[in-house]
Number of protein chains: 2
Amino acid sequence: MVELKTSGQRVTSSRVMILCALKHSARHMTPGELLDEVRRVHPHIPPSTIYRTLASLRDAGLISETHRGGETEYEWSDKPHHHLVCRSCGYERSLPQTYFNQVEKKIEAESGFRIDLTHVAVTGLCPECQRSQGAAR
Amino acid sequence: MVELKTSGQRVTSSRVMILCALKHSARHMTPGELLDEVRRVHPHIPPSTIYRTLASLRDAGLISETHRGGETEYEWSDKPHHHLVCRSCGYERSLPQTYFNQVEKKIEAESGFRIDLTHVAVTGLCPECQRSQGAAR
DNA sequence: ATTACTGCAAAGGATTTGCATGTGA
DNA sequence: TCACATGCAAATCCTTTGCAGTAAT
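Since the model is a prediction, treat every value here as computed from it, not as a measurement.

Peer 1: Help me understand the protein's contact with DNA strand C, please; the structure alone is not making it clear to me.
Peer 2: What surrounds DNA strand C is a group of 18 residues, the closest being Tyr51(A), Thr12(B), Ser14(B), Arg15(B) and Arg52(B). Sugar and phosphate atoms represent 60% of those atoms of DNA strand C found within 4 Å of the protein. One of the side-chain nitrogen or oxygen atoms of Thr12(B) is found 2.9 Å away from a phosphate oxygen of DNA strand C. Within the side chain of Thr49(B), one N or O atom sits 3.5 Å away from a phosphate oxygen of DNA strand C. Sorting the residues of the surface near DNA strand C by element identifies α4 (47-59) of chain A together with α2 (13-25) and α4 (47-59) of chain B as the ones contributing at least two each. For the surface near DNA strand C, the leading source of residues is α4(B), giving 4 residues. Broken down by class, the residue content of the surface near DNA strand C amounts to 5 nonpolar, 8 polar and 5 charged.

Structure (structure tokens):
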């Protein structure tokens, strides 16, 4: 685990497992999901280790934290990007940063703020669910 | 409280107080802040009343719910709009919907999703804090 | 008179903390 | 060795629920 060493973190089994889980999942995961996942291999790991590890990996910039619908989610940090998530079936895909570049610049220019649009989750209804749900909900 | 009547809700003191607090605050408020606020007038109101009232006002469309930084926040429902919030001092201002219309259309066109950009909070650093913090944090 | 809303107490769940022990550098 | 990370238990916080009583319509 080069990343851990490089960032000055110790290479321990929990850290490796958590990083692997996030690296391979290619989706956001909540602390709870991560806990279940890691427990498949290491059944007695306590929640506190998950939470503490997530916080330190996040501080080190190895993973990123997002908040969506009241849930805290983590994922492997790649380049800045965004997510498009279906609120009905949960299907998730990523959106390139480029979609937001214009708005970002426009807002900065007009407000003087320096904005953080590094990671946004946009929710909506995917084509499938639009069809099956029609006008419902 | 015309809004309550119109929406078929009963006009009770908690509902009136919560609505007033949100209507006058002009910012997002968490259930906890609302609880403190309402308790200045009605000191023994229990949290459950706050939570239940918020949920029913939200279902009736009188107030809207957002999630930001892991916190659930409520505010008086005006037309769809967005917020620009300073992550350092908390200063908050609103952004007209128009900023996002283009991205919204673009994403819908290219993904087939029908997206929900009714209420987004964008975080950043306001001009003041950029000056005082410089490159810090 | 009905039935929605409230108050209270208790349950539930997620997250955090203290502290002793273990382990990677 | 020594600081950092872990395991475990308990504490805390936020939110929800059950139920009996109250008040709005």
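Peer 1: So what exactly am I meant to see when it comes to the environment of Glu71(B) here?
Peer 2: All names here are of chain B. The residue Glu 71 is located in strand β2 (residues 71-76) in this model. Relative accessible area serves as the criterion here: at 43%, Glu 71 is assigned to the partly exposed category. Residues Glu 71 and Thr 30, 41 residues apart in the sequence, show an inter-C-alpha distance of 7.1 Å. Non-local contacts of Glu 71, meaning those with residues more than four positions away in its chain, are made with Thr 30 and Thr 66.

Peer 1: Teacher, can you tell me more about the nonpolar core here?
Peer 2: Buried together is how nonpolar side chains tend to be arranged in soluble globular proteins. Residues Phe100(A), Ile107(A), Val122(A), Phe100(B), Ile107(B) and Val122(B) are the most contacted members of the largest nonpolar core, which totals 30 residues. At the level of secondary structure, the elements contributing two or more residues to this core comprise β3 (82-86), α5 (98-111) and β6 (121-125) of chain A together with β3 (81-86), α5 (98-111) and β6 (121-125) of chain B. If sequence neighbours within four positions are ignored, Ile107(A) has contacts with Gly112(A), Ile115(A), Leu84(B), Leu95(B), Tyr99(B) and Phe100(B).

Peer 1: Explanation requested: the sheet that holds β3(B) in the structure shown.
Peer 2: The strand order β5(A)-β6(B)-β3(B)-β4(B) describes an open sheet built from 4 strands, whose pairing is mixed. In the strand order of this sheet, the two ends are held by β5 (114-115) of chain A together with β4 (92-96) of chain B, each with one partner. Relative to β6(B), β5(A) runs antiparallel, the two being bridged by 2 bridges. Each bridged residue has a counterpart across the sheet, and for Arg114(A) the counterpart in β6(B) is Leu125(B). Its contacts with the sheet place α5(B) against β3, β4 and β6 of chain B, and it is angled at close to 55° to β4(B).

Peer 1: Is there a simple way to think about the relation of the copies chain A and chain B in this case?
Peer 2: Superposing the two chain copies requires a rotation about an axis and a translation along that axis. Once chain A is rotated about the relating axis by 179° and shifted along it by 0.0 Å, it coincides with chain B to within an RMSD of 0.2 Å. Both copies are brought into coincidence by an operation consistent with a two-fold rotation axis. It is Gly70(A) whose C-alpha, among those of chain A, lies nearest the rotation axis, at 2.7 Å. Of the interface residues in chain A, 100% have counterparts in chain B that sit at the interface too, so the contact is made through matching surfaces.

Peer 1: Could you clarify how one ought to interpret the protein's contact with DNA strand D in this entry?
Peer 2: Neighbouring DNA strand D are 18 residues; Thr12(A), Ser14(A), Arg15(A), Arg52(A) and Tyr51(B) lie closest to it. Of what DNA strand D places within 4 Å of the protein, 56% of the atoms are sugar or phosphate. Within the contact set of DNA strand D, a base oxygen lies 3.0 Å away from a side-chain nitrogen or oxygen of Arg10(A). At the level of secondary structure, the elements contributing two or more residues to the surface near DNA strand D comprise α2 (13-25) and α4 of chain A together with α4 of chain B. Tallied by class, residues from the surface near DNA strand D come to 5 nonpolar, 8 polar and 5 charged.

Peer 1: Quick question: what am I supposed to make of the domain arrangement of chain A here?
Peer 2: All names here are of chain A. One can read the domain layout of chain A as domain 1 (2-76) and domain 2 (81-136). The partner domain 2 presents 7 residues to the 6 residues of domain 1 that form the contact. Summing the contributions of domain 1 and of domain 2, the shared interface buries around 550 Å²; its carbon and sulfur component is 56%. The interface formed by domain 1 and domain 2 contains 0 salt bridges.

Peer 1: How should α4(B) be read in this particular structure?
Peer 2: For an α-helix the count is 3.6 residues per turn, leaving residues at separations of three or four pointing the same way. Residue and element names in this part refer to chain B. Given a rise of 1.5 Å per residue, 13 residues ought to cover 18 Å, and the 18 Å separating the end C-alpha atoms of α4 matches this to within 8%. Within the sequence span of α4, burial applies to Ile 50, Thr 53, Leu 54, Ser 56 and Leu 57. Here the buried face of α4 lies against α1 (2-6), α2, α3 (31-39), β1 (63-68) and β2. In the segment just after α4, Gly 61 is the residue with positive phi, at about 80°.

Criteria and thresholds
- Residues numbered from 1 in each chain as written.
- Chains lettered and ligands numbered in written order.
- Predicted model: local features only at pLDDT ≥ 70, side-chain atom pairs only at ≥ 80, totals over all residues.
- Heavy atoms only, no water.
- Near = heavy atom within 4 Å.
- Polar contact = N/O pair within 3.5 Å; in protein donor to acceptor, adjacent residues only side chain to side chain.
- Helix = DSSP H or I, 4+ residues; strand = E, 2+ residues; numbered from the N terminus.
- Nonpolar A, V, L, I, M, F, W, Y, C, P; charged D, E, K, R; others polar.
- Buried < 20%, exposed > 50% of the residue type's maximum accessible area, 1.4 Å probe, protein only.
- Contact = heavy atoms within 4.5 Å.
- Core = buried A, V, L, I, M, F, W, Y, C linked by side-chain atoms within 4.5 Å.
- Pairing = 2+ DSSP bridges.
- Axes fitted to C-alpha atoms, helices over the stretch in contact; angles between N-to-C directions.
- Least-squares fit on C-alpha atoms with pLDDT ≥ 70 in both.
- Domains from an automatic or database assignment.
- Buried area = accessible area lost by both parts, 1.4 Å probe.
- Salt bridge = Lys/Arg side-chain N within 4 Å of Asp/Glu carboxyl O.
- Expected span 1.5 Å × (residues − 1).

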